[in-house]
Amino acid sequence: GFVPYRGADTYTFVDKTDIYPSSKSYYYQGTIKDSCGNTRTVSNIVKSILLKITDDQEFIFTKHLSWSNYIGFAAGVESYDIFRVLSDSTNVELVGNSGLFSTTFTEDLEFAAEKGSKIEYFVEAVEASGNPYGFVSRAGSNKHPVYIEGRIFIPEAFAPHGKNKVWR
């Protein structure tokens, strides 16, 4: 893509090509060109964070989060913050923090069942201190919705005159 020069301090680019941030990580690099199209500066290459969530087969309220490492900070990654949003609320909750070498998080959502069934997670990488430009950057993952859904068991057969005299 292309972002024209407007004299601003910062610029934002939204990738509108056929990308699937919930399916895979992507690599990005920025290039600054002059008015003649000559390359003047090239940025570092960054790799986006891919967040995946799996259900626990034994406990319906337990969710297992895992994500790919972020690549691209000048000072490297210090840690990852894990955020949760309940039922499309505007309240974003920090629910955990992992160190540099941990890219997993598990949460029991039984408390959230009465507050609504839709929950959304995302992860942010936090840059370590030592950035040569004097600031600490953050990079976010894809947003991943999860739903709390009950399980129901229906037997294949029953004995109407057996031990269970009342069928409900």
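See the structure printed just above.
Residues numbered from 1 in each chain as written. Predicted model: local features only at pLDDT ≥ 70, side-chain atom pairs only at ≥ 80, totals over all residues. Heavy atoms only, no water.

Novice: When you look at the side chain of arginine 84 in this model, what are you seeing that I'm missing?
Specialist: Note on placement: arginine 84 falls in strand β7 (residues 77-86). Residue arginine 84 is classed as buried on the basis of its relative accessible area, which comes to 4%. Reaching out from arginine 84, the side chain makes a polar contact with the side chain of glutamate 107 at a distance of 2.2 Å. When residues no more than four places from it in sequence are discounted, the contact partners of arginine 84 are Asn91, Val92, Glu93, Val95, Glu107, Leu109, Phe111, Ile119, Glu120 and Tyr121. (Helix = DSSP H or I, 4+ residues; strand = E, 2+ residues; numbered from the N terminus. Buried < 20%, exposed > 50% of the residue type's maximum accessible area, 1.4 Å probe, protein only. Polar contact = N/O pair within 3.5 Å; in protein donor to acceptor, adjacent residues only side chain to side chain. Contact = heavy atoms within 4.5 Å.)

Novice: Would you mind going over the pairing of strand β3 (residues 39-42) with me for this structure?
Specialist: Side-chain positions along a regular strand alternate between the two faces of the sheet. In this structure, strand β2 (residues 31-33) lies alongside β3, joined through 3 bridges in antiparallel fashion. Opposite threonine 31, over in β3, you have valine 42 as the bridge partner. Connecting the antiparallel pair β2 and β3 is a turn made up of 5 residues, with glycine 37 showing a positive phi of about 90°. (Pairing = 2+ DSSP bridges.)

Novice: I'm lost on the nonpolar core in this one. Help?
Specialist: In summary, soluble globular proteins display a tendency toward joint burial of nonpolar side chains. Ranked by internal contacts, the top residues of the largest apolar core, which has 22 residues, are Leu65, Trp67, Tyr70, Tyr80, Ile119 and Tyr121. Every residue in contact with tryptophan 67, bar those within four places of it in the chain, is listed here: Ile49, Leu50, Leu51, Tyr80, Ile82, Ser98, Ser102, Thr103, Thr104, Phe105 and Val123. (Core = buried A, V, L, I, M, F, W, Y, C linked by side-chain atoms within 4.5 Å.)

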